[in-house]
Amino acid sequence: MKELSTEEKIVQAAKEVFTQKGYAAARTEEIALRAGVNKGLLQYYFKGKSKEKLFKAIFEEAFLKMTSRINIIFESEDSFEHKIESVLDAYFDLLLENPNLPGFIVNELHTNTHAFVEEIMQKPNRPNPLPLIMQIMEEVAQGKIRPINPVHLILNVLSMTVFPFIARPLFQRVVNVNDETFMDMMRQRKAEILDFVKHAIKP
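Rules of the game
Residues numbered from 1 in each chain as written. Predicted model: local features only at pLDDT ≥ 70, side-chain atom pairs only at ≥ 80, totals over all residues. Heavy atoms only, no water. Core = buried A, V, L, I, M, F, W, Y, C linked by side-chain atoms within 4.5 Å. Buried < 20%, exposed > 50% of the residue type's maximum accessible area, 1.4 Å probe, protein only. Helix = DSSP H or I, 4+ residues; strand = E, 2+ residues; numbered from the N terminus. Contact = heavy atoms within 4.5 Å. Phe/Tyr/Trp six-rings, centres within 6.5 Å; stacked < 30°, edge-to-face > 60°. Lys, Arg positive; Asp, Glu negative; His and termini not counted. Salt bridge = Lys/Arg side-chain N within 4 Å of Asp/Glu carboxyl O. Polar contact = N/O pair within 3.5 Å; in protein donor to acceptor, adjacent residues only side chain to side chain. Expected span 1.5 Å × (residues − 1). Bend = angle between axes of the 7 residues up to and from the residue.

Asks: I'd like a rundown of the nonpolar core, residues and numbers included.
Replies: Among the nonpolar cores identified, the biggest contains 54 residues, and Phe18, Ile31 and Val197 are the most heavily contacted of them. The biggest single contributor to this core is helix α4 (residues 51-75), with 11 residues. Excluding anything up to four places from it in sequence, Phe18 contacts Tyr23, Ala26, Ile31, Lys51, Leu54, Phe55, Ile58, Phe59 and Asn100.

Below, the structure is given as structure tokens:
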């Protein structure tokens, strides 16, 4: 394996700190320490970017990589059921690696709504659920699944997947589970959601 460049080490260290501690508790000093560089070198590589800008750059990259993968699934010739399973795989891979991403997106949507949405929509790999919507409508017309609004179905899958990560601090406190137990529950959740969707669409 090739040795990581200084910039790659900084990005990897930042991902680890943001994922483990969240945005508010993360410190640039710790990022520099984990990357094995001084704070001045960290600022040099990111041209004086603040912690906020570094966080945004890292998680926007993760989000857009995920949407690119999702679009490939939507546009494939796979069955609807297999697509849902693949989408859940993609989302949980992303969220288990970047559990703070949903909170970041929600915050951006509330504090920087227009600019954030426009920035995402201008990307070549922006989310495009239209192929899946059309496939759901075709399967409803053929009687393969029960009549269901495809937009609501997609929203239901997205909500069941993402909401636990958004509500994580409250959920963990209410049910009294630690970080490790929460992550184990999320690894099991994919199968639970898939089973729920299969039963929900039966004709």
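Asks: Go over the packing of aromatic side chains, please, and point to the residues and values.
Replies: Within this structure, the stated rule accounts for three aromatic pairs. Pairing Phe165 with Phe182 gives two aromatic rings, centres 5.8 Å apart and planes at 85°, and the pair type is edge-to-face. Taken together, the residues Phe165 in helix α9 (residues 150-166) and Phe182 in helix α11 (residues 179-200) connect sequence positions 17 residues apart. Owing to a relative accessible area of 0%, Phe182 belongs among the buried residues under this scheme. Among the aromatic residues, ring-to-ring pairing joins Phe92, Phe165, Phe171 and Phe182 into one connected group.

Asks: Let's hear about the side chain of Lys83: which residues, and what values?
Replies: Mapping Lys83 onto the fold places it in helix α5 (residues 80-97). Among buried charged residues, Lys83 stands out as having no salt bridge; its nearest opposite-charge side chain is Glu77, 7.1 Å away. Looking at Lys83, its side chain comes within polar contact range of the main-chain oxygen of Ser76, at 3.1 Å.

Asks: Please give an account of α9 that cites residues and values.
Replies: Compared with an ideal rise of 1.5 Å per residue, which puts 17 residues at 24 Å, α9 spans 24 Å between its outermost C-alpha atoms and is within 8% of the ideal. Along its length, α9 shows its largest kink, about 30°, at Met160, and proline Pro164 lies within four residues downstream of that point. When we look at burial in α9, the residues that qualify are Pro150, Leu153, Val157, Met160, Thr161, Val162, Pro164 and Phe165. Looking at the packing, one finds that the buried side of α9 touches α5, α6 (101-111), α8 (130-141), α10 (168-175) and α11.

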